[in-house]
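Observations on the three-dimensional arrangement
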Amino acid sequence: MRILVVEDESRLAELLRQALHEEGHSVTVALDGTNGLALAQSGEFDVILLDVLLPGTDGFTVVRRLRAEKNRTPILLLTARDSAKDIVEGLNLGADDYLTKPFSFDVLFARIRAVSRRGPIPQPAHLRTLDLSLDPGTREVRRGSRTLSLTRTEFAILELLMRHAGRVLPRDRVIESVWGHGADIESNTLDAFMRLLRSKIELPGESKLLQTVRGIGYALRAE
Ligand code: CA
């Protein structure tokens, strides 16, 4: 894959470049957000690894700009921050996933595979649960008459839940399906994604669809 690494810590950037190169990837490194954004805008990458705290243009701004320009390249945020607020902000802006530093290369490689797998994949038919519909082909999601804007990860979670509507999916099953087998996902990460997804599919006044089954997992169904 063609991977863009945007990381201002030059030692870490070089380690990433070497490790990804040894995995068979073609790697381009940008040492600040401004150059990173310009390179990302070329659209010639399969995955972008993006540090959050960068001189010049910060990582969140890069995500916001790319998504505003309809650039849908999968973005994996690399962050030294570990507060739920930052995680939610990054994901809400349209990043696909995040890793908290320090991380192991094995975990990084697995996450790269997971976010890239969620790219263009041949898709079967339209899914529907009550007034919620999802078209895997066009990636359009609608609730009643409104169109929902979901990130890649939110879409993957919702598609999984809709394919098994009415059944409780254990947390491990969701994580394995969305992030890949053996993925090292913290439980608050899944919870953060579920909160974001719920806030998008259930506006005030709409019936509840996404249910948390405490201690087990999640289910999509009408109350
Ligand atoms: Ca940094």
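The structure under discussion appears in the preceding block.
Residues numbered from 1 in each chain as written. Predicted model: local features only at pLDDT ≥ 70, side-chain atom pairs only at ≥ 80, totals over all residues. Heavy atoms only, no water.

1. Looking at the overall build of the protein chain
Within the protein chain, the secondary structure is distributed over eight helices and twelve strands. The C-alpha atoms of the protein chain give 18 Å as radius of gyration, which agrees with the globular expectation for 223 residues (17 Å, within 12%). Its C-alpha atoms put the protein chain at 50 × 35 × 35 Å along the principal axes. Counting the 223 residues in the protein chain, one finds 51% classified as buried. Counted over contacts in the protein chain with a minimum sequence separation of 6, partners at least 24 positions apart contribute 59%. Accessible surface, the protein chain: about 10700 Å² in total, of which carbon and sulfur atoms supply 51%. Within the protein chain, one finds 31 positive and 31 negative side-chain charges whose respective centroids are separated by 7 Å. (Helix = DSSP H or I, 4+ residues; strand = E, 2+ residues; numbered from the N terminus. Rg over C-alpha atoms; globule rule 2.2 N^0.38 Å. Buried < 20%, exposed > 50% of the residue type's maximum accessible area, 1.4 Å probe, protein only. Contact = heavy atoms within 4.5 Å. Areas by Shrake-Rupley, 256 points an atom, 1.4 Å probe, with all protein chains shown as cover. Lys, Arg positive; Asp, Glu negative; His and termini not counted. Charge placed at Lys NZ, Arg CZ, Asp CG, Glu CD.)

2. Structural notes on the coordination of the calcium ion
Coordination of the calcium ion by the protein is provided by Asp-8 (OD), Asp-51 (OD) and Leu-53 (O), with metal-donor distances spanning 2.1 to 2.3 Å. Donor residues for the calcium ion sit on one chain with the sequence pattern D-x42-D-x1-L. Pair noted here: Asp-8 is in the loop between strand S1 (2-6) and helix H1 (10-22) and Asp-51 is in strand S3 (residues 47-51), with a separation of 43 residues, a long-range link. Residue classification places Asp-8 among the partly exposed positions, given a relative accessible area of 30%. For Asp-51, a relative accessible area of 2% gives the class buried. (Donors = N, O, S within 2.8 Å, 3.2 Å for Na, K, Ca; no water.)

3. A look at the pairing of S3
Most of S3 is tucked away, with five of its five residues classed as buried. Of the two faces of S3, the one carrying Val-47, Leu-49 and Asp-51 and the one carrying Ile-48 and Leu-50 are both buried. Relative to S3, S1 is paired through four bridges, and the arrangement is parallel. Each residue of the ladder has a partner; that of Ile-3, found in S3, is Val-47. Here S3 pairs with strand S4 (residues 75-79) via four bridges, running parallel. Directly across from Asp-51, in S4, lies its bridge partner Leu-78. Each parallel crossover has a hand, and the one from S3 via helix H3 (residues 59-68) to S4 is right-handed. (Pairing = 2+ DSSP bridges. Right-handed = clockwise from strand over helix to strand, strands pointing away.)

4. Description of helix H2 (residues 33-41)
Of all the positions in H2, only Gly-33, Gly-36, Leu-37 and Ala-40 are classed as buried. Down the axis, H2 shows its buried residues gathered within 100° of arc, on one side only. Contact partners of the buried residues in H2: S1, strand S2 (26-30), S3 and H3. By the N-cap criterion, in which a side-chain oxygen at the helix start approaches the backbone nitrogen of a residue two or three places on, H2 is capped by Asp-32, the distance to Thr-34 being 3.0 Å. Gly-43 sits one or two residues past H2 and shows a positive phi near 70°. (Arc of directions from axis to C-beta. Polar contact = N/O pair within 3.5 Å; in protein donor to acceptor, adjacent residues only side chain to side chain.)

5. Structural notes on H3
Buried within H3 are the following residues: Gly-59, Phe-60, Val-62, Val-63, Leu-66 and Arg-67. End-on view of H3: buried residues confined to an arc of 160°, all on one side of the axis. Of the surrounding secondary structure, the elements contacted by the buried residues of H3 are H2, S3, S4 and helix H4 (84-93). Its side-chain oxygen placed 2.8 Å from the backbone nitrogen of Phe-60, Asp-58 serves as the N-cap of H3. Lys-70 sits one or two residues past H3 and shows a positive phi near 65°.

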